[in-house]
Each structure stands twice: as C-alpha cells, then as structure tokens.
Amino acid sequence: MRSLFLYNRTSPIGGIYFLFLVNRMQMHYFILIMPVYLVHSYMVWGIVVMGLLSQLNLMMMSKWFNSSYAAKGYQGFLQLFGKRAVQVFAILGFLIILFKISIITLGYVEMLHSFIYPSMNKKWLILMILLISLFVASHGMEKTLRFVIIAFLCGAWIVIMFIPFFFPPIANYRDLYPLIPTEWSGQSWQGLLFIWSAFSGPVYLVFMVPWLSSNKKISKYLVIGNMLTIIEFSLLFIASVLFYGSNFLSKINFPIGYMGSYIQTSGLERIDHILISFHMFNYVFDISILLLCLYGAGRVFMRKMNKGATRIGFLSSWFIILISIILMDQWLWETIPGQKMLLNIQIWLGAFIYLLVPAILFTAVKRKESM
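This text gives an overview of the structure that appears in the document. (Residues numbered from 1 in each chain as written. Predicted model: local features only at pLDDT ≥ 70, side-chain atom pairs only at ≥ 80, totals over all residues. Heavy atoms only, no water.)

Per the secondary structure count, the chain includes 16 helices and 2 strands. Here the C-alpha radius of gyration of the chain, 21 Å, is about what a compact globule of 371 residues would show, namely 21 Å. Considered along the principal axes of its C-alpha atoms, the chain spans approximately 60 × 50 × 40 Å. The proportion of buried residues among the 371 residues of the chain is 55%. Of the contacts formed within the chain by residues at least 6 apart in sequence, a portion of 86% connects residues at least 24 apart. Total accessible area computed for the chain in this model is approximately 17000 Å², and 68% of it derives from carbon and sulfur atoms. Taken as two groups, the 27 positive and 11 negative side-chain charges of the chain have centres that lie 19 Å from each other. (Helix = DSSP H or I, 4+ residues; strand = E, 2+ residues; numbered from the N terminus. Rg over C-alpha atoms; globule rule 2.2 N^0.38 Å. Buried < 20%, exposed > 50% of the residue type's maximum accessible area, 1.4 Å probe, protein only. Contact = heavy atoms within 4.5 Å. Areas by Shrake-Rupley, 256 points an atom, 1.4 Å probe, with all protein chains shown as cover. Lys, Arg positive; Asp, Glu negative; His and termini not counted. Charge placed at Lys NZ, Arg CZ, Asp CG, Glu CD.)

To continue, consider empty space enclosed by the protein. Rolled over the atoms, a probe with the dimensions of a water molecule shows which regions are left empty. Across all of its chains, the model carries 2 cavities of 30 Å³ or more by this definition. Put simply, the largest cavity is a space of about 160 Å³. Forming the boundary of the largest cavity are 18 residues, of which Leu32, Ile158, Phe162, Ile256 and His279 lie nearest the centre. Put simply, the parts of the chain that give the lining of the largest cavity at least two residues each are helix 2 (29-38), helix 11 (218-244), helix 13 (255-260) and helix 14 (271-301). No other element matches helix 14, which puts 4 residues into the lining of the largest cavity. Split into classes, the residues belonging to the lining of the largest cavity amount to 11 nonpolar, 4 polar and 3 charged. Counted as a void, the second largest cavity has a volume near 30 Å³. Around the second largest cavity, the lining residues are Tyr37, Leu38, His40, Met43, Gln187, Ser188 and Gly191. The set of elements that each furnish at least two residues to the lining of the second largest cavity consists of helix 2 and helix 10 (186-198). (1 Å grid on protein atoms, 1.4 Å probe; cavity = no way out; pocket = protein on both sides within 12 Å on 5 of 7 lines; lining within 4 Å. Points joined across faces, edges and corners; volume = space filled by probe spheres on them. Nonpolar A, V, L, I, M, F, W, Y, C, P; charged D, E, K, R; others polar.)

Before going further, it helps to examine helix 11. Compared with the 39 Å implied by 1.5 Å per residue over 27 residues, the 39 Å span of helix 11 between its first and last C-alpha is a close match. Glycine 245 sits one or two positions beyond helix 11 and adopts a positive phi of about 85°. (Expected span 1.5 Å × (residues − 1).)

Laid out in structure tokens, this is it:
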C-alpha cells in the first residue's frame, strides 16, 4: 500500500502560530451554546477565573513544549511512560478524540440545519463537513496546523459584530445585576465546569509538538492566545445577557446564532447566515486536526508507528468517524435527553483531560529531569 506523507516535517511552526492555535482550538461548538449554560450575569467572573486557571495549565504545557522529550515525539512519550502505558493512553485518546469530533460536528450541523438548510437531510451536511475536513487533513499535519491562520482570520472578527448589542436600545443594563452571586446552586457549579471544559482545546497541542517549535518564548504566545479567548467568551456572554436577560437565556438553543439574525446593515440581509458560514473554517480546522490525531493514536495502539501512514488506514479512520456520528445522530442526538447526555459527557471529558494531561506531563518531565 502506497504511503502517505501526513506526518512529514519540513520546518517547525512557532511564534504567533501558538497564539492562533490556542485561541481557535478553544473557540469551537461550546462557544455557541455557552450562554445557555451560564445564564446568570455574575458567571462572567467564572469565565475570568477559569481563564486564569487555564493560564496556569498552559504554563505547565510550555514546560513540556520546551523539554527534550517533546521534540522526540512518540519516542519522548516512550521514554517518559513506557511502551505499555503509551498504548493504553493511545486507546483512551482515540476514544476521547472520536467522541469530541462527533459532538462538535453534530453541534455545528444542528446549527446549519436550524438556520440555513432546514429542509436538507442532516446526514448530507455531516458528510459535507467531514469531506472538507478530510481534504484539508490529507495535506498533512504541518499544512493543517498552518491552516489555523485562515481559521483565525475568518473567525476572530465575528465577535466585533456583537458589539452593537452592548448599546441601547437593545441593551438592558439592569440584566447585568447581580454581579456578585446572592446564592450558589448546582447549576452554577455546572457552569464553571462547562467553562473549564470550553478552555480545554489546547490540550491536544501536546501531541503535535514534533511539528511545533520549542522556542523559549512559547509561554508568551500561549498566554496571549488564552487571554484573547477570555475576551471573546466574556464579550459574547455579556452581549447575550444584555439581549435576552437571565430568565429567557436558558430557553434558547443557540442564543448567539439567533442574535446574529438581529444584526442589520443597509446593504446586507441575513447576516446570521454569513456568520455561521464563516464559522465553518474553525470547525474544519478543528475536525481536520483531530482526524490526524485520531489516526495517529490508532497507529500507536495498532503498533504501526514504524510503518508509514497509508491511504487505507487514513480513510478507515475517517469512515469510523462518519459511522460514529451517524449512529449518534440517529440514536441519541435527535432526542433532548440524548443530546443532553452527550453534551454532559463531552463537558466532563474535556474538563477531566484538561485537568490531568498538563499536570501529568509537567510532573513526568520534572521527575525525569531530577533523576
């Protein structure tokens, strides 16, 4: 079988790419539904606190990026944890990545179906997104990582479109109170968990480190990228509270999407369609990167690391994702309890791996260096 050059490296990616990668990998499906989970205006402090804790995690990850083990890629993991442990991690990683791709694809397709293509069968939309992602991923890990520039340029400006919601007559500033919680409920804890999970995207960068530069200034770009996300999360959440109010916010499936339909210009109509379409670049980037990670994890636990990547292996990974998404859509996503269950699993999984992976890598590197 002819080999594919999916994991070749020509020149390291570094500097400002880290900023874009951190920021775009945090701005996925969760940002579109975040206001539904937070509801109360004081949760803006939750975004700030969880964002600052995320900075600590990124600092720990920068220790991994700068280590000699990271530059060795797969061999570095073997030196730190041993062959059997790496295989177990690869199986767990394969399942976690498969689940994440499924949820973000189903979420975005749900939005496309609700706002732009209500009469189209959702399975065609799923196939379209996955085919575009397959095309991008087929250019290899290095070029897909560089695709983040396009994803950033096509997505970062969208938050500016929501600035008018901060000003009267749409804005009602009384909805911003109370800024300090008068009571703390289980929903508030769930909101914090949701925010922490939303910040977890950059954790997958630790597995792409052979393609990334080990420049000592990495931590600076990681911190700036995370700060940009805090600002974007905060602006979109506050705009949602001002527009809907806390009481109504929890009843809207896609608050940010519906807000987009109220943006008016003298020359363009249905601005929401334009914004949702531009969001696709971010999803394609996310899914493409995760597809390459999933295939890589499969090669590790199938013990194929000494052989080159193949078309049949790469396409098999893509078909596994396609079948997984269609089955989830058919059996669970179509019902509200099923959809909630899938989202809750993804929230817990994202929070769990963002808590553990940076801490484990940081501790393992420190322990090895002290030996």
